[in-house]
Structure formats: structure tokens, C-alpha cells
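In case you want the letters, here they are:
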Amino acid sequence: MKIGDAARLLRRPRRQQILPGFGLTMGYTVTYLSLIVLIPLAAVVLSAYGLPLARWVSVLAAPRVLASFRLSVGASLIAALVNAVFGLLIAWVLTRYDFPGRRLLDALVDLPFALPTAVAGIALTTLYAPGGWLGRLLLPLGIKVAFTPLGVVVALSFISLPFVVRTLQPVIADLDQDLERAADTLGAGPLLVFRRVIFPALLPALITGSALAFSRALGEYGSVIFIAGNIPQVSEIVPLVIMTKLEQFQYREAAVVAVAMLLLSFAMMFMVNAAQLALQRRHLGKR
Amino acid sequence: MSIRIEQVTKLYQAIPVVNDVTVEIETGEFFVLLGPSGSGKSTLLRALAGLTHIDHGRMSLHGRDVTEMPARERGVGLVFQNYALFRHMTVADNIEFALRVRRLRAAERRRRRQELLQLVALEGYDERYPSQLSGGQQQRVAVARALAHEPAVLLLDEPFGALDAKIRVELRETVRAVQQRIGMTTILVTHDQEEAFALADRMGVMQMGRLLETGSPEELYRHPATRFVARFLGAANLFLGEVSDQGLRLGTAVLAPQRASVAATLGNEAVLLVRPEDIEIAARSGAPLSPPFAGGKVRALTFAGHQQYVSIELDELSGVETATADGTGVAVTVEALRSAAEQSAVALSVGTAVNLGVRRLHALPTPISSFRLLTTDVAQSAALEASPLLTQLLRSMQARVTRPRASKAHPERLDAGICVLPLEANTVAAIGAAVAHGARRLLCVPPLAALPARMLIYAGDEMRSSDLLALVSSAMRHLPVPTTAVTVQRAEASRSEVVEAQRRLLDTRADLRGAHGLDLRGERFMGDLRSWLREVAAQPEPVLIVLGLPAAPERLAEALKGELAPLFSPESRAAVLFAVEAQP
């Protein structure tokens, strides 16, 4: 056996590519991902490493930290769910109907992306503060938004909306309208068509979009800190806790909280992927 | 009557994509709607299913008017080209969908599902997902799903379009067998004539929104009324022939037609259809068994399995003229199809001289066999030929233009085909002269006329003549515009005159439907013919008016100068199709 044969055996048979350069591009890919993603993450874990388990527990079990986790996860979850409903609605309207100003409205969806988060935070705070336009109206009803957990939910809903809309739009556009027509001729009313035909087809994309929105909300900092008021144990989010610890030179403790957050995100990603896979198995019958 | 479609019109940006279609389909009948893409056949089917609203007309299923009914209440089963199965549901759930909607009990659903799966030969596939099935199997599930709620009619929208040729034929047979077993009234839409022949009890051919013709596959293949249908259903040789006392003259040969043809009474010129398999090829030394009509030379031979296509260039001496636009100027070419037996009887190679016989021929009942430009002015005839109306008619009729021959020795026969003239003040005399020389049909186009947006038929006393109706039907079949029959009534008309006008309108519609299967709308104008013409000719929207003309010279001159005068005014944008009354 010649050396060339051995090399050929090692290489997996794959489709002939028109553009050459797998080795080079793969090299850059690995290097880049390492520099930008893997090494910083590893650094976080490393900086928390070596701390005894008891310290881990005491840091994370501190009431202030626990409360911040509860708020961050809870508010992000609510924001993701709210956006799952309204994002679906917006994506549907923008894709299915044609009306004057559709493109403008479509561009508006990207605003939370494009806007510096601090701007969003300040805007929302002035709006919802007890003396603000909306806050003034809500106050007599006994609803306080700014400087409460509700304010956190509002800010998180604002910044995570585009994720749901932009994930759903192409899927809705690709949805075969003959499916609805078929269901219609088979006797199903509009609600039933939505529930039994359209919604199941959109579900995978809706889960992906909502999960993206949740992840984004979980890590959001800029827009929240203005409207939240940052009252310890009431309206303080995890990123702020990390920030506070850093400012007090408690680097290791900050790292511990950060690692916990990292694990939470990983768990989230894992769950979403698992759910996707299960749905695909069921819907597309792939074995 | 299971399905009744009456005057159904669907407009898309003011252009009718389905144009006054009227058709009735018997219970248990398999009806195929055939047509090229964009002919409106799918739109008509979806309108019947309730998926698109229509702008005019009525539809009923089993005597129940469904025009205003939403799709889910109509009780139709619809099968799509791309199957449209619910991909997140199993085969069982797909089929049971309509039953679940109707809240049937599980046991009942299961029983019905088993029955349907057996019907489409997919027993045991209940728990599969659509993605685990082949295209043919998916379409069978779609058929079963469409039948689950025991629909009144089954509608199939190009159901085999996405499948391989072999599976297509297989599934075709399944669908036909299922349809016959349960006796379901079915409409299938396709652009494939072979599919239509294989499935149809009766078929209809659509083009540009019009239902051109309906009939059994054999009827339409053998005896089509239009050049379009003749060519759409298979290879066709179309010649210009002549009706004489002895029979049909094709070139120098005189042939007896297979059956009395409407065309024989219409004029002296006729379009003759000869299918390639009806051409007999004999060696130059021998004579064909069937009536001979021309000699020629083999130009090309094409292998087609057990058959052979032969392309033959006719001798110029044969005098045969083609009726279609393509290939004018060069020698006339005939396409023939030979069976294996014929191939072994007479050996052919390119260049072989042959004699041709014709086994069977059919004269199309269209009065518009050809267009004859009645002007010797070069610029004028060029302008006429470039006019949008004539261009459209030539294209959709696949007809050709002939020019008057210059020689005085051979006086031009004007009673053949349709004469085309410019419509101007100074052509009044030319129209009179043409009629005096025997012209029976005239198309008069004003200079700079746009393509008509509407066609108006003047339902006068002479409306019911079969000649005028044939002309109207020909024009309707080839212009994608809304068509209206108009009666004109004096404001102070007596009761009997009103009744008479109304009856004329209804009779016109009934006659047109009876003789040509076409439908039109009716309208009444208060005033006289002259004021009506003045109104429609001057309006910005261009129209085509169909009118009868008296043949007697003095009455004709009187009409042209009197009530028809508005047509010749410089403001007029109306093109006119005149039918001259038959001389008693």
C-alpha cells in the first residue's frame, strides 16, 4: 500500500467541492472561535477554579444572589413568553398581509437590535417613571412599572422582540398556503386551521425564536439597569450582581456567579436543541 | 346535474382570467379541464372549491347553490399538485382530519379510514408520516383524505404534475378506478392531453379564460371547432380547403368529408384538419388506397419506437395551402405518422418521392379561415397588420394573413375567410364594394386602435342567423375580453317591443350556448342603434362591435350613411366585425 492510498482511506468520502481550501478555512474557523468564544469562557471558569465548594455554595446561596437569579430567570421567561405570543402575531401580519407602511413597520422591528441598549433604557425609564407619560397614567391604577420587577420585564420584552419575529418570518413565508386551503375544504374553521395546521408547523421556529429571546434577555444589562432601580433583592438582575462584585474587587465571587450563569445558558441551549430534535423526529418522521 | 357552473367570471386587474364560463357536469362523470398554463383552468377549479371569490356568475353542486358559501361548507374534496398533506400528522390523522372536524366517534373514524386506505391500496400505512412515503403514496393519501368526508364532488388540481412518468400512469389508473368504484363526480385539471384522454368521460379545453370546447376526448380530437384545440390535442395538419358541390377541395384534389360539416354552409373556404395518422404514404409509382391529394418528397424521418414520424414537403403543383401562420412562404410541409406495418410496406428515406392519400379529414366549423387584407396601399396594410387587435387574433387563432393578388386575370374571391379593412370615413365606399364582390365577413379596424377591452354584440333582428353566431363565437373564443350582447330599444317602445327585445337577448344566449357552448351577458340600451353606436364608439375604452350588415346594395348604402355613420367618425375607437346577411 502506498502512502497516497492511506491518505485516501483517512479522508472521508464527500461531495466534490467547487471551491478548494478546506484546510485553510477550517484552521481560521477554529482559531477565530477559540480566540473569541472558547478562551474567554475558559478564563471565566478558570478564575473561579480552585475555590472550595463551600465558598461556591455560600456565594450562590447569598439572598441577594439568589433573588437576582430568580428575577433574571423569571423576568426573562415572562418576556420570552410574551414575545412568543406577540412576536408570532407581528411576524404573521408582516408576512401574510400587504398594506401601506408594511416595510416601515418591518424595519421598526429591528429597532431594539439597532438601538444602543442604554438609549432604550433611558427612554423606557422616562416613559414609565411615576412622572412619565405612561407612568403617570398607570400610577392611579396602582401599577408601578419603573424601579420594580415589572420594569425589568418590560425592558427585556423590548430588547428580545426581534428574535422571535425574525426567526418566524421566513418560516411563515415558506408555509405552503395550500395546507390551509386543504384544511378549509375539509371543513375546518379558521381557529381550527390555525390550531391544527399552522401552529404545529410554526412550533419548531417559535421554540427557537423564544429560546433566543430568553437567552438574550438573560444576559441583558444596559437597558435594564436604568428602569430596574436596582434595589437589592427586589429589582436587581444577575449581570448587575456580577458588576457590583467586580466593582468591590471580589473577582472570584464575580466569577462564581458568572460560571453559574454560563451553566444556566448551556442547560438552556441543550434543552432547546433536545426539544427541536424531538419535534423533528415526531413531525418529519426522521429516524 | 351534479355540477353547474354558469357565467362564472373571475377578473384579475380588470382582465378576465375566467371569462363567462358555463358548463354542466353529470353525476358520476369524470370531467377533465385541459389547457395551457395561464388559461384559467386552475382558477375555475379553485373558485368551485370556494378558495377564490368570483366576480360574476353562479355555481351549484347537486342543485345546491354554493356561490356565496365558504369552502368548508361546500363539501368538496380537493387534491393539490404538491399533495398539501399535514406533515406533522400521521397518515391516519391526515385522513381522519375532516372526520375529527365533524366530531365523529373514534370507532367510526377508524372504520372510514380503513375503508379509504383500502380504496387507495395503502393498508397498513396508518402510522407513517408523510415524509416516510414516496410521492405517489403521498398523493394517494391526499386522495383518501379528500374523500373522507364523502364530498359532493372530487376536484383534482394537476394531481400528477410532481410525479415521475411511470408513477404518474400508475396513479392515474388508481384514481380512475377509485372514481368509477364510488361513482364520484370528478373534475381534474391538467395541461397534459394524454392524461386527459386517458381519464376523461368528457373534457373541456380552456384558453385565455374561455372554455373553448367541450366533448368526449374522441369527439374533440376528431372534430374540433378551433385550430387551437386541434393543435393542442395532438399533431395536426391544417390546410385551407374549399367547399364545392362535389365535396371539399384540397389543392387540386376533391375529397368527400366524413360527415356533414357546419363549415360547408358557412362559406367557400374551410380549414381542414388531417391528423398525421390519417395520412397515407404510397410510393411515387403506386397510388394510395385512400383518396389521393398530393405528391411530395420525404424531408425527415423521426424514430418514435414502434411508430415513425415522416415529414413530407409537398410539390408546389399540388396547390395545397396551409391554414396556419407558421411556414408560410416556404413549401407546405405535412406531418405523417406510420405504424410498423406501414413502415415495412413502403420503405422511405430522406428524399424519396411519394404520393399522399388522406384517410380521414375534418372541416373546422370556423367562419374565420383566413384574414384577407383588402388594401393595396403598402403603408395602410402594414398598419393594419401591426394593429393590436389583428395581431392578437392571428396569434390566438394561429391563422394567417393573405394579401390580394395583383393580377386582374384571377379575380380575388372575397367570400372566403374574413376581409380586413381600415375603418375611416373614406372606406365607406370600400366596404360597399367589398360586399358587392361577395365579402361575407369584414373586420374593420380604425387606425391607432388599441386592443379592445370589451366586445359588444348588437343583437338586432339578424342576430340569430347561424352565420353571425358562428362569427361571434369565433371572436369570443380568441379574444380574452368580456363579451356582452346588446339590444337597443326606443324610449317610447311599446310593451310588445320590450318583450321582443328581451326575447331576442335570451334567444341569442340560448343559441350561442346550444350551437357553440359559449355564454355571454345581456344589456339593454335605451335609444336607437345610431345613438348607441355614437355612445360606445366615442368612449375612451376601446371596444369591438359585432354587427350584421344588409347585403342589398341600396339598403347597405343607406345603413352605412345612416345609423352606422358614428363608426366612421374620426373620434371613433371602435373596431367592427361585420357579418353580411345571407342573400335570400
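Residues numbered from 1 in each chain as written. Chains lettered and ligands numbered in written order. Predicted model: local features only at pLDDT ≥ 70, side-chain atom pairs only at ≥ 80, totals over all residues.

Things to note about the overall build of chain B
Keep this limit in mind: Only DSSP runs of H or I reaching four residues or more are called helices, and only runs of E reaching two or more are called strands; each is numbered from the N terminus. Residue burial is a threshold on neighbouring C-beta atoms within 10 Å of the residue's own C-beta, all placed from the backbone, with 20 or more meaning buried, 12 or fewer meaning exposed, and counts in between meaning partly exposed.
A tally of regular secondary structure across chain B gives 17 helices and 30 strands. In terms of overall dimensions, chain B has C-alpha extents of about 85 × 75 × 40 Å along its principal axes. Residue burial in chain B is summarised as follows: out of 584 residues, 46% are buried.

Here we look at the domain arrangement of chain A
Many authors give the size of an interface as the accessible area that is lost as the parts come together. All names here are of chain A. Inclusion rule: Just so you know, the domain bounds were taken from an automatic or database domain assignment. Each residue gets a C-beta atom placed from its backbone, and two residues are in contact if those atoms lie within 7 Å. Classes in brief: Ala, Val, Leu, Ile, Met, Phe, Trp, Tyr, Cys and Pro nonpolar; Asp, Glu, Lys and Arg charged; the others, Gly included, polar.
The domain architecture assigned to chain A consists of domain 1 (21-50) and domain 2 (52-284). On a C-alpha basis, the centroid separation for the pair domain 1 and domain 2 is 28 Å. With 5 residues of domain 1 at the contact, the number on the domain 2 side is 7 residues. Class assignment of the residues belonging to the side of domain 1 that touches domain 2 gives a composition of 4 nonpolar, 1 polar and no charged.

Describing the sheet that holds strand β22 (residues 371-373) of chain B
All names here are of chain B. As a reminder, the rule being used: Strand pairing follows a simple DSSP-based rule, namely that at least 2 bridges must link the two strands. The convention used is that axes are lines fitted to C-alpha atoms, helices contributing only their stretch in contact, and that angles between N-to-C directions extend from 0 to 180 degrees.
The 9 strands lie next to each other as β23-β22-β24-β25-β30-β29-β26-β27-β28, forming an open sheet whose pairing is mixed. In the strand order of this sheet, the two ends are held by β23 (401-402) and β28 (521-526), each with one partner. In terms of strand pairing, β22 meets strand β24 (residues 418-422) through 3 bridges, oriented parallel. By the bridge assignment, F371 is partnered in β24 with I418. Across the sheet, helix α13 (residues 428-436) is in contact with β24, β25 (441-445), β29 (543-549) and β30 (575-580); its angle to β24 comes to roughly 165°.

Quick look at the interface of chain B and chain A
Listed by partner, the interface residues are 22 residues for chain B and 18 residues for chain A. Sorting the residues of the side of chain B that touches chain A by element identifies α2 (71-74), β6 (76-79) and α3 (91-101) of chain B as the ones contributing at least two each. Here the residues of the side of chain B that touches chain A are counted per class, giving 12 nonpolar, 6 polar and 4 charged.

Considering the pairing of strand β14 (residues 269-274) of chain B
Residue and element names in this part refer to chain B. Counting buried positions along β14 yields 6 of 6 residues, so the element is predominantly enclosed. Residues E269, V271 and L273 line one face of β14 and the alternating positions A270, L272 and V274 line the opposite face, and both faces are buried. Here strand β11 (residues 237-243) pairs with β14 via 6 bridges, running antiparallel. Paired with L238 across the bridge in β14 is L273.

Focus on α3(B)
All names here are of chain B. Every buried residue of α3 is listed here: V91, N94, I95, E96, F97, A98 and L99. Check the buried side of α3 and you find it contacts α4 (106-119) and α5 (135-147). The positive-phi residue at the C-terminal boundary of α3 is R103, with phi of around 55°.

Let's talk about the confidence of the model for chain B
All names here are of chain B. To be explicit about the condition: The predictor attaches a confidence to each residue, and that confidence, scored 0 to 100, is pLDDT.
In the predicted model, chain B carries a mean pLDDT of 85, and the fraction of residues at 70 or more is 94%. For the stretch residues 406-410, pLDDT sits under 50, and the model shows 1 contact to residues farther than four places along the chain or on other chains. Of the two predicted TM-score estimates for the complex, the pTM is 0.83 and the ipTM is 0.79.

Here we look at the environment of N355(B)
All names here are of chain B. With respect to the helices and strands, the residue N355 is situated in strand β20 (residues 353-358). The class of N355 is partly exposed, set by 19 C-beta atoms lying within 10 Å. For the pair formed by N355 and L442, sequence separation is 87 residues and the distance between their alpha carbons is 38 Å.

Here we look at the environment of T508(B)
Residues and elements named next belong to chain B. Turning to its location among the elements, T508 is positioned in helix α15 (residues 495-516). By the C-beta count within 10 Å, which is 22 here, T508 ends up buried. When the C-alpha positions of T508 and E269 are compared, they lie 26 Å apart, and in sequence the two are 239 residues distant.

Topic: the domain arrangement of chain B
As far as domains go, chain B holds domain 1 (3-222), domain 2 (235-364) and domain 3 (371-580). Computed over C-alpha atoms only, the centres of domain 1 of chain B and domain 2 of chain B are separated by 40 Å.

Side note on unusual backbone geometry
With the exception of glycine, most residues fall at negative phi, and the peptide bonds are largely trans. Residue and element names in this part refer to chain B. We note that Q13 has phi near 50°; this positive angle belongs to a residue other than glycine. Checked against the element boundaries, Q13 lands in the loop between β1 (3-12) and β2 (15-25). According to the C-beta neighbour criterion, Q13 is exposed, with 5 such atoms within 10 Å. Residues other than glycine seldom take positive phi values, yet Y83 does so here, at roughly 70°. By secondary structure assignment, the location of Y83 is in the loop between β6 and α3.

Thoughts on the packing of helix α7 (residues 117-128) of chain A against helix α9 (residues 149-174) of chain A
Residue and element names in this part refer to chain A. We count it as follows: Angle categories: roughly parallel below 35 degrees, roughly antiparallel above 145, roughly perpendicular from 65 to 115, and oblique for all the rest. Each crossing gets its hand from how the near helix is turned against the far one by less than a right angle, where anticlockwise is left-handed and clockwise is right-handed.
Taken N-terminus to C-terminus, the directions of α7 and α9 make an angle of 135°; their axes are 11 Å apart at the nearest point. In terms of orientation, α7 and α9 fall into the oblique class. Pair α7 / α9 crosses with right-handed handedness. Contacts between α7 and α9 pair T117, A120, G121, L124 and Y128 from the former with G151, V154, A155, F158 and I159 from the latter. For the contact of α7 with α9, the class distribution of residues is 7 nonpolar, 3 polar and no charged.

Describing the sheet that holds β20(B)
Adjacent strands of a sheet form backbone hydrogen bonds with each other and so pair up, either parallel or antiparallel. Residues and elements named next belong to chain B. Spatial ordering of the open sheet is given by β15-β20-β16-β17-β19, a layout of 5 strands whose pairing is antiparallel. The strands lining the two open edges of the sheet, one partner per strand, are β15 (279-283) and β19 (333-338). Neighbour-to-neighbour, the strand axes of the sheet open up by a mean angle of 45°, direction not taken into account. Bridge analysis of strand β17 (residues 307-314) against β19 gives 6 bridges, and the strand direction is antiparallel. Each residue of the ladder has a partner; that of S311, found in β19, is E335.

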